[in-house]
Amino acid sequence: MNFQETRNNFRKKQVSAKELTEESLKKAKEKSELNAFISHFEEYALERASNIDANFDEFKDKPLGGIPIAHKDIFCTDGKKTTCASKMLENFIPPYESTVTKNCNDAGSIMIGKTNMDEFAMGSSNETSFFGPVKNPWGQSLVPGGSSGGSAACVAADITTISTGTDTGGSIRQPAALCGITGLKPTYGLVSRWGMIAFCSSMDQAGPLARDAFACSALLNAMASYDEKDSTCSKRESIDYEKGLNKDFGKLKIGILKGIENLGISEEVLNAYESSKKILEQLGHSFVELDFTELSSGICSYYVIAPAECSSNLSRFDGVKYGHRSEAKNISELYLKTRAEGFGDEVQKRILIGSYVLSAGFYDAYYRKAQKVRRMIKSKFDEFFKDVDLVFLPTTLDQAFEMNRESTDPNRMYKEDLLTIPANLAGLPAMSLPNGFSKNLPIGAQFVGNYFSEELLLNTAHKMQEVTDWHKMTP
Amino acid sequence: MNKIELKNLLFLARLQVKEEDQDKTIEKLQNTFEMIDQMNDLDLDKFEPLNNPLELTNVSRSDEEKNRNKKEEFLKKSPKSDEDYFVVPKIVE
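The sections below set out a description of the structure shown in this document. (Residues numbered from 1 in each chain as written. Chains lettered and ligands numbered in written order. Predicted model: local features only at pLDDT ≥ 70, side-chain atom pairs only at ≥ 80, totals over all residues.)

### Overview of the overall build of chain A
Across its full length, chain A carries 17 helices and eleven strands. Against the 2.2 N^0.38 benchmark of 23 Å for 475 residues, chain A shows a C-alpha radius of gyration of 21 Å, consistent with a compact globule. Dimensions along the principal axes, computed over C-alpha positions, put chain A at roughly 65 × 55 × 45 Å. Buried residues in chain A amount to 60% of all 475 residues. (Helix = DSSP H or I, 4+ residues; strand = E, 2+ residues; numbered from the N terminus. Rg over C-alpha atoms; globule rule 2.2 N^0.38 Å. Buried ≥ 20, exposed ≤ 12 C-beta atoms within 10 Å, placed from the backbone.)

Printed below as a string of structure tokens:
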């Protein structure tokens, strides 16, 4: 059952919040081999569901009233374990609630658990988690993508209809594409980062994952709010994204990239992309070819800026105030041992890259240069959006790949995010939706919009999903 | 990057890598820098560095107390604490 039907049934009292919650908890257990969850909150969820049923009138019209949800384990939940998939926070119980999870609670959802992810959101395959990899519901030897791999797998496996994720370089869109679901990275600043464990503060952005654009719009309605606790949160009039789905934005000019076949994208993904273009044409939209040869340099900029900010953000994990602590004879050894034991290999590698590019003598050669590339990418998009309403491109280079993939290219994993990173560097909203299948595995494509154009993104994706069935396919 | 540079970097980052794994770490870092160094082929003179995509200005609020410091609650989260303090191994010999 999809989100819209589930919510309608709850509103018509054809199903109770408790029944929905029991069903989700049961499926989570049945599909435990996916390893999509780090924590389950069975008792809490059932109690909350009963409470919602007992106060039905208060919850029936809320955007997520009575709906079970799974949150990425990067959002702090008051009194409930939040690990960020790291040994460093294996037993961490936050004393406060993130704005995103609070907003979802206020909107009437029922958290059934916290989902697995790449450690500190650093990864594109969910293989860097301290709690083991997540399996793709479409093929258990395959990765679900990352870093929000658990959240994507949870929706794809029909455990919940909605889940939350975060996207710093593609971490919502790439797993959404590899698991055959829909995911939106909002404009930087639309959703509060308060209580969301920081990786790269100038790019981290939380967003919804769900089967379709309709559910994403309802979840974004709940997630987005101005928050004075996040100084980068944008103060804007709130928009009802669900209502926006029925608007008529007319015929759009959609930007497509010249020379896209030279980016190393697989034949299957390119074929699906071409077919989707035909659907967009049938919907009355037209295309404008864009010259974006700079796209590939986004990845160079990202792998300087993100590690730089991560090395600074993760300096707080020192074994003193909270989290993992190693036994040590003196304070210096305490820091070194705690961090060497508490962080996994990929996190340590990124801290090292970050420390290097920020160190005296290298700042101009790396960090400052990367910030210039970032400006170049943003300027390019600013130029595009003078001519086009949206940019359309594949989400990933290929479909879901095997765990422990071996590649002759040592940077192959980083290239997973080649097509998603530019939107993060520029802070633009972008949305991935399923647009085809090959070898019984899903394929995704994404729209990138201008700043705060989530309403248009969701509307366009919704109109596409009204005439296609890719988002209805289940493993 | 050689082992001495790696050791300096490890100290800066407050991390440790076992002696036998250090060559592997150097190789991994160098591979990533090879990718990053492709930036050097770009002409970037006309671009100003960009810190934040929305180029936001700072936000201020009135100087009013909102939440009392939850001292006891936070101290309880510490691996080791004693009354008002976080306890760490001896710092001054």
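### Things to note about the overall build of chain B
Scanning chain B for helices and strands turns up three helices and two strands. Order of helices (α) and strands (β) in chain B, N terminus to C terminus: α-α-α-β-β. Relative to its length of 93 residues, chain B is extended, with a C-alpha radius of gyration of 23 Å against a globular reference of 12 Å. Viewed in the frame of its principal axes, chain B has a C-alpha envelope of about 55 × 45 × 20 Å. A buried classification covers 12% of the 93 residues belonging to chain B.

### Observations concerning the pairing of strand E6 (residues 206-210) of chain A
All names here are of chain A. Burial within E6 is extensive, with five of its five residues counted as buried. In the sheet, strand E4 (residues 162-166) pairs with E6 via five bridges, with the strands oriented antiparallel. In the strand pairing of E6, Gly165 is matched with Gly207. Bridge count for strand E5 (residues 182-185) against E6 is two bridges, and the pairing is antiparallel. Residue Thr182 lies in a different strand from E6, and its bridge partner there is Ala210. (Pairing = 2+ DSSP bridges.)

### Points about the interface of chain B and chain A
Chain B puts 39 residues into the contact, and the matching count from chain A is 53 residues. Sorting elements by how many residues they give to the side of chain B that touches chain A places helix H2 (residues 22-36) of chain B first, with six residues. Residues that form the side of chain B that touches chain A fall into these classes: 23 nonpolar, eight polar and eight charged. (Contact = placed C-beta atoms within 7 Å. Nonpolar A, V, L, I, M, F, W, Y, C, P; charged D, E, K, R; others polar.)

### As for the sheet that holds strand E3 (residues 110-115) of chain A
Residue and element names in this part refer to chain A. Ordered in space as E1-E3-E2-E4-E6-E5-E10-E11-E9-E7-E8, the eleven strands form an open sheet in which the pairing is mixed. Edge positions in the open sheet fall to strand E1 (37-40) and strand E8 (286-290), since each of these has one partner strand only. Averaged over all neighbouring strand pairs, the angle between strand axes comes to 30 degrees, with direction disregarded. Relative to E4, helix H6 (residues 149-156) is tilted by about 160 degrees, and along the sheet it contacts E1, strand E2 (68-72), E3, E4 and E6. (Axes fitted to C-alpha atoms, helices over the stretch in contact; angles between N-to-C directions.)

### A few points about the packing of helix H11 (residues 298-313) of chain A against helix H13 (residues 345-358) of chain A
All names here are of chain A. Where H11 meets H13, the axes come as close as 7 Å, and the angle between the chain directions of the two elements is 100 degrees. In terms of orientation, H11 and H13 fall into the roughly perpendicular class. Contacts between H11 and H13 involve Val304, Pro307, Ala308, Cys310 and Ser311 from the first element and Arg350, Ile351, Ile353, Gly354, Ser355, Val357 and Leu358 from the second. In terms of residue class, the contact of H11 with H13 is made up of eight nonpolar, three polar and one charged. (Parallel < 35°, antiparallel > 145°, perpendicular 65-115°, else oblique.)

### Digging into unusual backbone geometry
The residue after Gly146 of chain A, namely Ser147 of chain A, is reached through a cis peptide bond having omega 10 degrees. Counting through the fold element by element, Ser147 of chain A comes out in the loop between E3 and H6. One non-glycine residue, Cys84 of chain A, lies in the positive phi region at around 55 degrees. Note on placement: Cys84 of chain A falls in the loop between E2 and helix H5 (99-106). Phi at Arg14 of chain B is positive, roughly 50 degrees, even though this residue is not glycine. In this fold, Arg14 of chain B is placed in the loop between helix H1 (3-12) and H2.

### Looking at the nonpolar core
Core analysis: the largest hydrophobic core is formed by 149 residues, its most contacted members being Leu219 and Val304 of chain A. When neighbours within four sequence positions are excluded, Leu219 of chain A is seen to be in contact with Leu64, Ile162, Pro208 and Ala210 of chain A. (Core = buried A, V, L, I, M, F, W, Y, C linked by C-beta atoms within 7 Å.)

### Some thoughts on the packing of helix H8 (residues 213-223) of chain A against helix H17 (residues 454-466) of chain A
Residues and elements named next belong to chain A. Where H8 contacts H17, the two axes come as close as 8 Å, and the packing angle between them is 155 degrees. For the element pair H8 / H17, the angle class is roughly antiparallel. Seen from H8, the contacting residues are Ala213, Phe214, Cys216, Ser217 and Leu220; seen from H17, they are Glu454, Leu458, Ala461, His462 and Gln465. Considered class by class, the residues forming the contact of H8 with H17 number six nonpolar, three polar and one charged.

### Regarding helix H3 (residues 42-54) of chain A
Residues and elements named next belong to chain A. Along its 13 residues, H3 runs 18 Å from first to last C-alpha, staying within 8% of the 18 Å computed at 1.5 Å per residue. Residues of H3 that are buried include every one of Ala45, Arg48, Ala49 and Ile52, and no others. Seen from one end, H3 has its buried residues packed into an arc of 105 degrees, which puts them on one side. Opposite the packed face of H3, turned more than 90 degrees from it, sit the exposed residues Glu43 and Ala54. (Expected span 1.5 Å × (residues − 1). Arc of directions from axis to C-beta.)

### Topic: the environment of Ser171 of chain A
Residues and elements named next belong to chain A. Among the structural elements, Ser171 can be located in the loop between E4 and helix H7 (173-179). What makes Ser171 buried here is the crowd of 36 C-beta atoms within 10 Å. For the pair Ser171 and Lys415, spaced 244 residues apart in sequence, the C-alpha separation works out to 13 Å. Apart from the residues within four sequence positions on either side, Ser171 is in contact with Ala121, Gly146, Ser147, Ser148, Gly165 and Thr166.

### Examining the environment of Gly123 of chain A
Residues and elements named next belong to chain A. When you line up the elements, Gly123 lands in the loop between E3 and H6. Given 26 C-beta atoms within a 10 Å radius, Gly123 is considered buried. With 276 residues separating them in the primary sequence, Gly123 and Gln399 have C-alpha atoms 16 Å apart. Look past the residues within four positions of Gly123 in its chain and what remains in contact with it is Asp118, Thr128, Gly146, Ser147 and Glu346.

From the geometry alone we can't say anything about function, so treat these as descriptive.
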